[in-house]
Every structure is written in C-alpha cells, then in structure tokens.
Amino acid sequence: MSSGFRLFPGYLDPAAQQALAAEIAALLREAPLYQARMPKTGKPLSVLMSNAGPLGWYSDAQGGYRYVTSHPETGRPWPAIPASLRQAWGDLAGDYRAEPECCLINLYRGQARMGLHQDRDEADFTAPVVSLSLGDTGLFRLGGATRQAATRSFRLASGDAMVLAGADRLAFHGIDRIQPGSSRLLDGIFEGGGRLNLTLRRVTKP
Ligand code: MD3
Ligand code: FE
C-alpha cells in the first residue's frame, strides 16, 4: 500500500505558514467561503470551502460534484493561485510538469470532518495531488483502492505537506476530526481558528 504517498512534516516553517495563512485570508475576502452540498440530498458538507485557480471544485444538489470557473455566490472568477503555492507544486510534484489548475481551500472548524472518499472529478489521474495543512492538527485516514481496504491514520499538523501520486492517487481518504485549539497559527488571522487545508490539483489533461 501507499507507494505513491509521501508526507513532509514541517515542510513550511512557522514564518512561511504565517505568510501563507495571511495570503489565504486575503484571498477569501475576494472569494468567500461557501458550504458545498451533497449531490441529490443537498445535505451541506461540514467543511467550508473556496478555491483559487482557473477551476474551482464545487457541488450542489442539482449539479453534483464538478469544477466551475467562477464563484457560485459572487459569480466572479476564482482568484489566482498564490505564487508560494505554485512554488510548492513545482517543488513537490516531481516529474509532473504541467501547472496546477485548482487550489481547493478547506476550512475545518469544531466538529467538521470529511468522510472517506476518492478524488475522481479530474480528467488526469496521472497528475499528483499536493496538500498543505495550516492551523489545527487533523486526523487523516488513508485507505486503498476500494472502500473496504485497510486504512492507516496520520496526524496532519500545521506546515505539513502531503503528495499523492501513482497508485495512491485514487486511494480512499478522509479527515476523521480535527483537534481544536492544537495550533495558534490562525489566531488573529481567521476568526474562530480551525484547520485550513490547501489541495493543489491538475484537473484537465495538459
Ligand atoms: C489521498 N481533503 O479536499 S487533503 C479533499 O485535509 C480532501 O482537507 C483532505 O481529501 C483535507 O478532497 C485531505 C490530502 C489529500 C488529497 C487528495 C488525495 C489526500 C489524498 C487523493 C488521494 C489520496
Ligand atoms: Fe479528497
């Protein structure tokens, strides 16, 4: 299992974490957090989301999981992916040379969680997925190619980076819970604190 899974604890130092959190806070003033909804049932996800880049991940009852070119509430195009995140992609995406098209911004507060799922709304599964965590620690679960496969759990702390590639690109995964108050990083930047996850993805085939 997990040939294509790499964890980089402390990839961002505290100063870089602080700078990135401030950049994301500014970006969210242009593209406010929203609550995506489950296809068909319309049940809201507990994680608050927004995006940067030409394509943003979105879901509602009617349209289901998809990528869209503009913010569902403001109608404006998504802001550009910050340079520091494009640099992290260049550094961590290995041999994959095309640019990321989506930076999904997930904010977990209180009891927010993300159930076990696959990321399969993209057209190019040969591209890696690069994820950066800021703020409170999250309990991450990584499984295998089927929902029934055994899972392993990891803590994702502020500054940690993770790369999913190859066989693990389609692995089931989720966030069981966060540990509220485990980091002070977002104090004074995000009212209410929580855990921010930034997931960089290629969506279309280059
Ligand atoms: C493992 N987000 O937005 S990021 C998601 O921490 C998502 O917010 C989680 O899963 C979070 O879809 C985990 C890390 C991640 C991203 C993609 C993966 C892990 C992955 C794809 C395959 C396997
Ligand atoms: Fe995912």
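Chemist: Run through helix 1 (residues 14–30), naming residues and quoting values.
Modeler: Its 17 residues place the ends of helix 1 25 Å apart at the C-alpha level, agreeing with the 24 Å of an ideal helix rising 1.5 Å per residue. Of the positions making up helix 1, those classed as buried are Q17, L20, A21, I24, A25, L27 and L28. The arc enclosing the buried residues of helix 1, seen along the axis, measures out at 165°, which places them on a common side. Residues of helix 1 that are exposed and point over 90 degrees away from its buried face: A15 and R29. The secondary structure elements touched by the buried residues of helix 1 are strand 2 (48–52), helix 2 (83–92), strand 5 (102–108), strand 7 (129–135) and strand 12 (195–201).

Chemist: Give a description of the coordination of the iron ion (ligand 2) that names residues and reports values.
Modeler: Within the protein, the atoms that donate to the iron ion (ligand 2) are H117 (NE2), D119 (OD) and H173 (NE2), at distances of 2.0 to 2.1 Å. The sequence pattern formed by the donor residues of the iron ion (ligand 2) is H-x1-D-x53-H. Judged by relative accessible area, which is 9%, D119 ranks as buried.

Chemist: Describe the nonpolar core, listing the residues and the values that go with them.
Modeler: Within the largest apolar cluster, 31 residues are counted, with the highest numbers of intra-cluster contacts made by I24, L85 and L198. Elements with a minimum of two residues in this core: helix 1, helix 2, strand 5, strand 7, strand 10 (161–164) and strand 12. Of all the elements, helix 1 adds the most residues to this core, at 6 residues.

Chemist: Could you give an account of the layout of surface pockets, with specific residues and numbers?
Modeler: Estimated volume of the largest pocket: approximately 850 Å³. Considering the residues around the largest pocket, the lining is formed by 42 residues, among which M114, G115, H117, D119 and H173 are closest to the centre. Listed by contribution, the elements that provide at least two residues to the lining of the largest pocket are strand 5, strand 6 (114–117), strand 7, strand 8 (138–142), strand 10, strand 11 (173–178) and strand 12.

Chemist: Could you give an account of the pairing of strand 8, naming the residues involved and the relevant values?
Modeler: The buried count for strand 8 comes to 4 of 5 residues, which makes it a mostly enclosed element. In this sheet, strand 9 (residues 152–156) lies alongside strand 8 in antiparallel orientation, the contact comprising 5 bridges. For L142, the partnering residue across the bridge sits in strand 9 and is R152.

Chemist: Kindly report on the site of ligand 1, identifying the contributing residues and their values.
Modeler: Near ligand 1, the surroundings consist of 20 residues, among which N106, Y108, H173, R195 and R201 are the closest. Separating an oxygen atom of ligand 1 from a side-chain N or O atom of H117 is a distance of 3.1 Å. With the chains in place, 98% of the 500 Å² that ligand 1 exposes on its own is no longer accessible. With respect to the pocket detection grid, ligand 1 is positioned in the largest pocket.

Chemist: An account of the sheet that holds strand 12 is needed here, citing residue identities and associated values.
Modeler: Spatial strand order, 1-10-7-12-5-2: 6 strands in an open sheet with antiparallel pairing. Of all strands in the sheet, those with a lone pairing partner are strand 1 (5–8) and strand 2, marking the two edges. Taken pair by pair, the neighbouring strands of this sheet meet at an average axis angle of 20°, ignoring direction. Pairing of strand 2 with strand 5, which is carried by 5 bridges, proceeds in the antiparallel orientation. Bridged to S50 within strand 5 is I105. Sheet contacts for helix 1: strand 2, strand 5, strand 7 and strand 12; angle to strand 7, the most-contacted strand, approximately 95°.

Criteria and cut-off values
- Residues numbered from 1 in each chain as written.
- Chains lettered and ligands numbered in written order.
- Predicted model: local features only at pLDDT ≥ 70, side-chain atom pairs only at ≥ 80, totals over all residues.
- Heavy atoms only, no water.
- Helix = DSSP H or I, 4+ residues; strand = E, 2+ residues; numbered from the N terminus.
- Expected span 1.5 Å × (residues − 1).
- Buried < 20%, exposed > 50% of the residue type's maximum accessible area, 1.4 Å probe, protein only.
- Arc of directions from axis to C-beta.
- Contact = heavy atoms within 4.5 Å.
- Donors = N, O, S within 2.8 Å, 3.2 Å for Na, K, Ca; no water.
- Core = buried A, V, L, I, M, F, W, Y, C linked by side-chain atoms within 4.5 Å.
- 1 Å grid on protein atoms, 1.4 Å probe; cavity = no way out; pocket = protein on both sides within 12 Å on 5 of 7 lines; lining within 4 Å.
- Points joined across faces, edges and corners; volume = space filled by probe spheres on them.
- Pairing = 2+ DSSP bridges.
- Near = heavy atom within 4 Å.
- Polar contact = N/O pair within 3.5 Å; in protein donor to acceptor, adjacent residues only side chain to side chain.
- Areas by Shrake-Rupley, 256 points an atom, 1.4 Å probe, with all protein chains shown as cover.
- Sits in = over half its atoms within 2 Å of the grid points.
- Axes fitted to C-alpha atoms, helices over the stretch in contact; angles between N-to-C directions.

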